[in-house]
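For reference, the chains in residue letters:
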Amino acid sequence: MKLLTPISIGNVQLKNRIMFPPMTTGYEEPDGSIGEKSLQFYKRIAQGGTGYIVLGDVAPVRTVTPTPKLFTDSQIPSFAALTEALHEYGAKVAAQLFYPEYNVPEINGLIAKARSMQTPDEKARATQAAYARMHYDMQHFSTEATKEQLQQIKDDMKACAVRCAKAGFDAIEIHGDRLLGSFSSALLNHRSDEYGGTLQNRARFSVELIHELKTAVPELIIEYKLPVITVNEDGTLRGKGGLTAEEAPEFARMLQDAGVDFIQVAQANHTGDLSDTIPPRKSVPYCWTLPIATLVKRAVNIPVATVGWVVTPERGEEILNEDKADVIGYGRPLLADPDLPLKAANGDNVLICTGCNKACVGGLLSRKPISCIRHLTNKTQG
């Protein structure tokens, strides 16, 4: 199977073309470090034979966002333990760097102030005000951020990338959604300076960040998660923070020219609705972002990954043989069956993800770590 053949990306060779894309898991420690639960979660994916694993949503600053965080050198050993464990199974590992869509220092200050309030009523009002400001920022920060703030964000991202290199990561994936997606989006970016307006201007922040990361960590390959706003059957838009299908190929060429080694084409989000990027079954067709990934692949000379409801090894094989993508991202399917790569190699049947979203998206919404209803059911029955 082509799905199981190696592929070279920059100076790194993946043992196969199966990717575990970035996911919010809820397994990290309170400070964002990698603890035993997170380590075992990703180790299980590597044991099943996945060639490329992306640790999702690694924040370069201390935030209220419940994700991994790598903002101080003291956290490096926990991340190094993760990369070492996954390398033992032949997997290559990326850290997805993301910066929230809001003014982190301001929000942190507001939340700290709320926690210092003496009475429950005062604390509740202050907390509500902090989160109201955060919600406002998520729609407007890309437009209102100063150039000094943008440079500080790039500096924070560079510092985190250097820590990732010290921790043994093979790659950095730039989270092109979130803040960068806001900048690239004509729906959210209303700036009138060189960072707003034309597509080239809306790409400027991403391009500048790529240049600075290439200088800071030249030994790591750079992947970019390119978010695309798709259109539902009723004509409404799915997602806000990203590119239109028409803009995606040109934006991808800009990324390639800036030095990106690998592009993952994915669904745009930024609406706060997890069902946009992790849709329940029947709300989108199988492989719903593949047509745009194929357009991007035709526009660039670097490998392109497709993600978005590719469920079986057989379908991934078809996509590769039809030359519509170079790498296949299996997210929920690997939650349902982490042995999917090994089973594909042996010709065994895999457990198929049903797209129910009960324990993956449902888990996150109920503030529990991500899981799969199949395994929870098996535990109950066993």
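Structure: above.
Not measured: the values here are computed from a predicted model. Here the residue index of a chain counts from 1 through its sequence in written order. Whole-chain, interface and lining totals are the exception, using all residues; otherwise, since this is a predicted model, local features are given only for residues with pLDDT of at least 70 and side-chain atom pairs are given and counted only at 80 or more. Neither water nor hydrogens contribute to the side-chain values; these are computed over all heavy atoms in the structure.

Some points on the nonpolar core
Phase 1: The biggest cluster of nonpolar side chains holds 99 residues, and the ones touching the most others in it are I172, I174, Y224, L226 and I263.
Phase 2: Should any heavy atoms of two residues lie within 4.5 Å, those residues are considered in contact. Residues in contact with I263, not counting those within four places in the same chain, are Y224, L226, A252, L255, V296, I302, P303, V304 and A305.
Phase 3: Residues V12, Y52, F262 and A305 belong to the second largest nonpolar core, which totals 13 residues. Among buried residues, the Ala, Val, Leu, Ile, Met, Phe, Trp, Tyr and Cys ones that are joined through side-chain atoms within 4.5 Å form a nonpolar core. Accessibility here uses a 1.4 Å probe with only protein chains present; expressed as a share of the type maximum, an area under 20% marks a residue as buried, one over 50% as exposed, and anything in between as partly exposed.

Topic: the pattern of salt bridges
Phase 1: Salt bridge, as used here, is a side-chain nitrogen of Lys or Arg placed within 4 Å of a carboxyl oxygen of Asp or Glu. All chains considered together, the criterion is met by 19 salt bridges.
Phase 2: Measuring nitrogen to oxygen at the nearest pair gives 2.8 Å for the salt bridge that ties R202 to E247. Residue R202 is located in helix α7 (residues 199–202), and its partner E247 is located in the loop between β9 (237–238) and α9 (248–258); the two are separated by 45 residues in the primary sequence. No difference in accessibility class separates R202 from E247, as the two residues are buried.
Phase 3: Notably, a salt bridge pairs R315 with E318, separated by 3.1 Å at the nearest N-O pair. Taken as a pair, R315 and E318 lie in helix α12 (residues 313–321) at a separation of three residues, close to a single helical turn.
Phase 4: You can call E318 partly exposed: its relative accessible area is 39%.
Phase 5: One connected set of salt bridges, linked through shared partners, spans K154, D155, K158, E208 and E212. Numbering of helices and strands runs from the N terminus; a helix is a DSSP stretch of H or I covering at least four residues, while a strand is a stretch of E covering at least two.

Regarding the pairing of strand β5 (residues 92–97)
Remark: a regular strand shows side chains that alternate across the two faces of the sheet.
Phase 1: β5 sits mainly inside the fold: five of its six residues count as buried.
Phase 2: Criterion used throughout: strands pair if DSSP finds at least two bridges between them. Relative to β5, strand β4 (residues 52–58) runs parallel, the two being bridged by five bridges. Residue pairing for β5: V54 is matched across the bridge by A94.
Phase 3: Orienting the strands away from the viewer, one traces the path from the first strand over the helix to the second; a clockwise path indicates a right-handed crossover. Traced from β4 through helix α2 (residues 76–87) to β5, the parallel crossover comes out right-handed.
Phase 4: Where β5 and strand β6 (residues 171–175) come together, four bridges link them in parallel fashion. Bridge pairing in β6 links L97 to I174.

Quick word on the environment of N11
Phase 1: For N11, the location among the structural elements is in the loop between β1 (7–9) and β2 (12–14).
Phase 2: Judged by its relative accessible area of 57%, N11 is exposed.
Phase 3: Considering only alpha carbons, one finds N11 and I221, 210 residues apart in sequence, at a separation of 7.1 Å.
Phase 4: Residues within four places of N11 in sequence aside, it is in contact with E219 and I221.
Phase 5: Polar contacts, as counted here, are pairs of nitrogen or oxygen atoms within 3.5 Å of one another; within protein the pair requires one atom able to donate a hydrogen and one able to accept it, and residues that are adjacent in sequence qualify only if both atoms are side-chain atoms. One polar contact links the side chain of N11 to the main-chain carbonyl oxygen of E219, over a distance of 3.5 Å.

A few points about the pairing of β6
Phase 1: Burial within β6 is extensive, with five of its five residues counted as buried.
Phase 2: Across the two faces of β6 the burial is the same, with A171, E173 and H175 and I172 and I174 all buried.
Phase 3: Inspection of the sheet shows β6 paired to strand β7 (residues 221–228) by five bridges, in the parallel sense. Paired with A171 across the bridge in β7 is I221.

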